[in-house]
Every structure is written in structure tokens, then in C-alpha cells.
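Read off the chains here:
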Amino acid sequence: MTKEKLAEIMAKHKLGNADIAVITGKTKRQVQSWLSGKYSVPRTLFLVLIALDEGFISTANIANWVRRDLAAKPKSIKKP
């Protein structure tokens, strides 16, 4: 996926850097690196965004996956 296509899909579906960061588990800075072309867009993100753009999934589907994933992460354990 090109940086232009990433920006186009993000704009079309009103997704900001923070949204993509949450979806991928990366930082907003990393998303900016993808948008600048410094690093290539991960294939998994490419597939999710194409599925979104083609109507196979919705932003609601993605939000549910993210919520479920965040809820499943173990709590950090404090050291004694």
C-alpha cells in the first residue's frame, strides 16, 4: 500500500493517526512514518484497510476487535 492510498482511505473513513495507532498497537509517530513514506505500511494493516474500503468490514467491526483485544490483555503485575 502506498502512503497516498493509506492517506486516502484514512480520509475517506475519517480515521486519524490515533485511530490507526490503536488499531495496529503502534504509536501515532509510527503511523506518521507510514504516511510520510519513511516506512512501508504493514501488510496486515493494508488488508484491514482494503477490506474496510471495499465494504467487507466496517469501522464498528474494527472497534469491536480492538475493544476485545484490549480487554484480553493481562494487567501489569507490580513488583514487590
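What you are looking at is a predicted structure, and each value in this text was computed from that prediction instead of being measured.

Draft legend 1. Broad picture of helix α1 (residues 3-12). Buried within α1 we find Leu 6, Ile 9 and Met 10. In an axial view of α1, the angular spread of the buried residues amounts to 100°, which keeps them on one side of the axis. Residues of α1 that are exposed and point more than 90 degrees away from the buried face comprise Glu 4, Ala 11 and Lys 12. Looking at the packing, one finds that the buried side of α1 touches α2 (17-24), α3 (28-36) and α4 (43-53).

Draft legend 2. Representation of α4 in the model. Where α4 is concerned, the buried positions are Leu 45, Leu 49, Ala 51, Leu 52 and Asp 53. Positioned one or two residues after α4, Gly 55 has a phi angle of 85°, which is positive.

Draft legend 3. Representation of the packing of α2 against α3. One way to put it is that α2 packs onto α3 with a least axis distance of 8 Å and a crossing angle of 105°. Considering their axes alone, α2 and α3 lie roughly perpendicular with respect to each other. Facing α2, whose interface residues are Asn 17, Ala 18, Ile 20, Ala 21 and Thr 24, α3 presents Lys 28, Val 31, Gln 32, Trp 34 and Leu 35. For the contact of α2 with α3, the per-class residue count stands at six nonpolar, three polar and one charged.

Reading guide: rules and limits
Residues numbered from 1 in each chain as written. Predicted model: local features only at pLDDT ≥ 70, side-chain atom pairs only at ≥ 80, totals over all residues. Heavy atoms only, no water. Buried < 20%, exposed > 50% of the residue type's maximum accessible area, 1.4 Å probe, protein only. Helix = DSSP H or I, 4+ residues; strand = E, 2+ residues; numbered from the N terminus. Arc of directions from axis to C-beta. Contact = heavy atoms within 4.5 Å. Axes fitted to C-alpha atoms, helices over the stretch in contact; angles between N-to-C directions. Parallel < 35°, antiparallel > 145°, perpendicular 65-115°, else oblique. Nonpolar A, V, L, I, M, F, W, Y, C, P; charged D, E, K, R; others polar.

It is worth stressing that arrangement in space is one thing and function is another; only the former is reported here.
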